[in-house]
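Chain by chain, the residues run as shown.
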Amino acid sequence: MDSIVVRGGRPLSGSLPISGAKNAALPLLAASLLSDSTLVLENVPRVVDLASMANLLVELGGDVAEEPSPADAFGMTLRLSAAGLKDVTAPYDLVRKMRASVLVLGPLLARTGHARVSLPGGCAIGTRPIDLHLKALAQLGAEIELSQGYVEARAPSGLTGGDITFPSVTVTGTENVLMAACLARGDTVLRNAAREPEIGDLARCLVAMGAQIEGIGSDTLRVTGVAALNGARHRVLPDRIETGTYAVAAAITGGDLELRGTSLALISALADVLRAAGVELTEVDGGLRVARRNGRITGIDVMTEPFPGFPTDMQAQVMALMTTASGAAMITETVFENRFMHVPELCRMGANINVHGASAIVRGVPALSGAPVMATDLRASVSLVLAGLAAGGATLINRVYHLDRGYERLEAKLAACGADIERVKS
Ligand code: EPZ
């Protein structure tokens, strides 16, 4: 398993490109199952989770081809076709590695009337059930059975539109049901739908494929089912979590970075926190600039919430920033039940953090010191890289395969801005 060594204390400066959003590309790849025409997706990030999803589509009988691009290019263009769909099973060994595989459930059910998807099981940050997905699909007329760890979903005479209210906000639940509703007979209303920008991106792609969706960007989506969807060409929106991660990299190192191919509007809740903490964020042509004003970061309280609130996927990164702030920061995680695995690792680097239930109180210390630390999940891993960028001495981050799931060429992007960072193959 590879490791990353970071030698900290160097303010980052320069510019780096932001890749397409992993959490938009995943449902977009699944959406290709809805049609027998070709879907072309541009700006797909080269990350492991997308390779896993592409492998799953091929296992199901789909065809995934990458359009030629320069070797050093960031992102890729994929041509996806499910004309040759021959299987409806998403197997356990694939789903357990990448829970977003459950996103094939709605499209397979809507396209073929049958889907057999392994229950994903829990992961490091929580139990992460999919009960809300299943209840909503049942309201579209699906017959759902659970057997031997698999969801058997059937709709032999197709799905029928319904009026569905999600009891609590679920991102992939909204995406699964939205995709299924596009091919259901009649109208569907999704109430208390998630509003993350990745859902708007998926909805716009589905409309380009011929779907009829209204209310995009709101918490109430209205879908009029159609008999079939066509192909389309769609560009994946920029990754707002990657944008936020590198904004924190500029802030934690006292640097000045230009992030290309993204926008401030995608990170408005985070930007509010960073500005209050003493970080300057300004729109520039085609991106944004992030610089830390003189002096230390000010500790700011943060509570994670569904969009448009502060994103849970930025919680670990902002905690790393607050470890050397002046004053304290109370960080409350309301979305997942176990998303503080980065805390003991940050404490190994000298941070002063105490967890009480869903809240962590971070008391700023003058500086962190490098240490060997363990990555546990995607966002916890990157928070350790951020801490290492600011820490004195060397930080060795083990199990960086977590990072490779969601960050395209992270070392290359950071090294180009002055970071002393290298991957150690083992
Ligand atoms: C998506 O996960 C993202 N993944 C996550 O990003 C992100 O953290 C999360 O949304 C919240 O924003 C993708 O988009 C691929 P949820 P998802 O369904 O859809 C509970 C990353 O780092 N819940 O919105 O799985 C659930 O347990 C990843 O890129 C149910 O109880 O999250 C959680 O507590 C991590 N039953 C809460 O709702 C359900 O049927 C929100 O989950 C579904 C969810």
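A. Structural detail: unusual backbone geometry. With omega at 10°, the peptide bond leading from Phe-307 into Pro-308 counts as cis. Topologically, Pro-308 is positioned in the loop between strand E18 (302–303) and helix H10 (315–322). Within the chain, Asn-43 stands out as a residue other than glycine whose phi angle is a positive 65°. Note on placement: Asn-43 falls in strand E3 (residues 39–44).

B. Quick look at the site of the ligand. Taken together, 22 residues sit near the ligand, with Leu-132, Thr-170, Thr-172, Asp-313 and Val-335 positioned nearest. Between the ligand and Leu-132, the relevant distance is 2.7 Å, taken from an oxygen atom to a main-chain nitrogen or oxygen of the residue. Taking 830 Å² as the accessible area of the ligand by itself, protein coverage stands at 86%. Broken down by secondary-structure element, the contributors of at least two residues to the shell around the ligand are helix H1 (22–31), helix H5 (131–139), helix H6 (171–181) and helix H12 (378–390).

C. Just the packing of H1 against helix H2 (residues 48–59), in detail. Where H1 meets H2, the axes come as close as 10 Å, and the angle between the chain directions of the two elements is 5°. Here H1 is positioned roughly parallel relative to H2, judged by the angle of their axes. Judged by residue contacts, Lys-22, Ala-25, Leu-26 and Leu-29 of H1 engage Asp-49, Leu-50, Met-53, Ala-54 and Leu-57 from H2. In the contact of H1 with H2, the residues fall into seven nonpolar, no polar and two charged.

D. Here's a closer look at the side chain of His-234. Turning to its location among the elements, His-234 is positioned in strand E14 (residues 232–235). His-234 sits in the buried class, given a relative accessible area of 10%. In terms of polar contacts, His-234 uses its side chain to reach the side chain of Asp-201, at 3.1 Å.

E. Molecular detail of the environment of Arg-222. Among the structural elements, Arg-222 can be located in strand E13 (residues 220–224). The partly exposed category is assigned to Arg-222, whose relative accessible area is 40%. Apart from residues lying up to four places away in sequence, Arg-222 is in contact with Thr-188, Val-189, Arg-191, Gln-212, Ile-213 and Glu-214.

F. View of the sheet that holds strand E5 (residues 76–81). With mixed pairing, the four strands of this open sheet are ordered in space as E4-E5-E3-E14. The open sheet is flanked by strand E4 (63–66) and E14, the only strands paired with a single partner. Across this sheet, the average inter-strand angle for adjacent strands is 20°, counted without regard to direction. Two strands pair when backbone bridges link them, and E4 and E5 are joined in this way by four bridges, in the antiparallel orientation. Bridge assignment links Glu-66 to a residue of E5, and that residue is Leu-78.

G. Expanded view of the nonpolar core. Ranked by size, the top nonpolar core spans 148 residues in total, and within it Val-104, Leu-206, Met-322, Leu-410 and Leu-414 carry the most contacts. Considering each element in turn, this core owes the most residues, eight residues, to helix H8 (residues 240–252). The residues contacting Met-322, other than those within four sequence positions of it, are Ala-277, Ile-297, Thr-298, Gly-299, Ile-300, Ala-329, Ile-331, Val-362 and Gly-364.

What counts, and at which threshold
Residues numbered from 1 in each chain as written. Predicted model: local features only at pLDDT ≥ 70, side-chain atom pairs only at ≥ 80, totals over all residues. Heavy atoms only, no water. Helix = DSSP H or I, 4+ residues; strand = E, 2+ residues; numbered from the N terminus. Near = heavy atom within 4 Å. Polar contact = N/O pair within 3.5 Å; in protein donor to acceptor, adjacent residues only side chain to side chain. Areas by Shrake-Rupley, 256 points an atom, 1.4 Å probe, with all protein chains shown as cover. Axes fitted to C-alpha atoms, helices over the stretch in contact; angles between N-to-C directions. Parallel < 35°, antiparallel > 145°, perpendicular 65-115°, else oblique. Contact = heavy atoms within 4.5 Å. Nonpolar A, V, L, I, M, F, W, Y, C, P; charged D, E, K, R; others polar. Buried < 20%, exposed > 50% of the residue type's maximum accessible area, 1.4 Å probe, protein only. Pairing = 2+ DSSP bridges. Core = buried A, V, L, I, M, F, W, Y, C linked by side-chain atoms within 4.5 Å.

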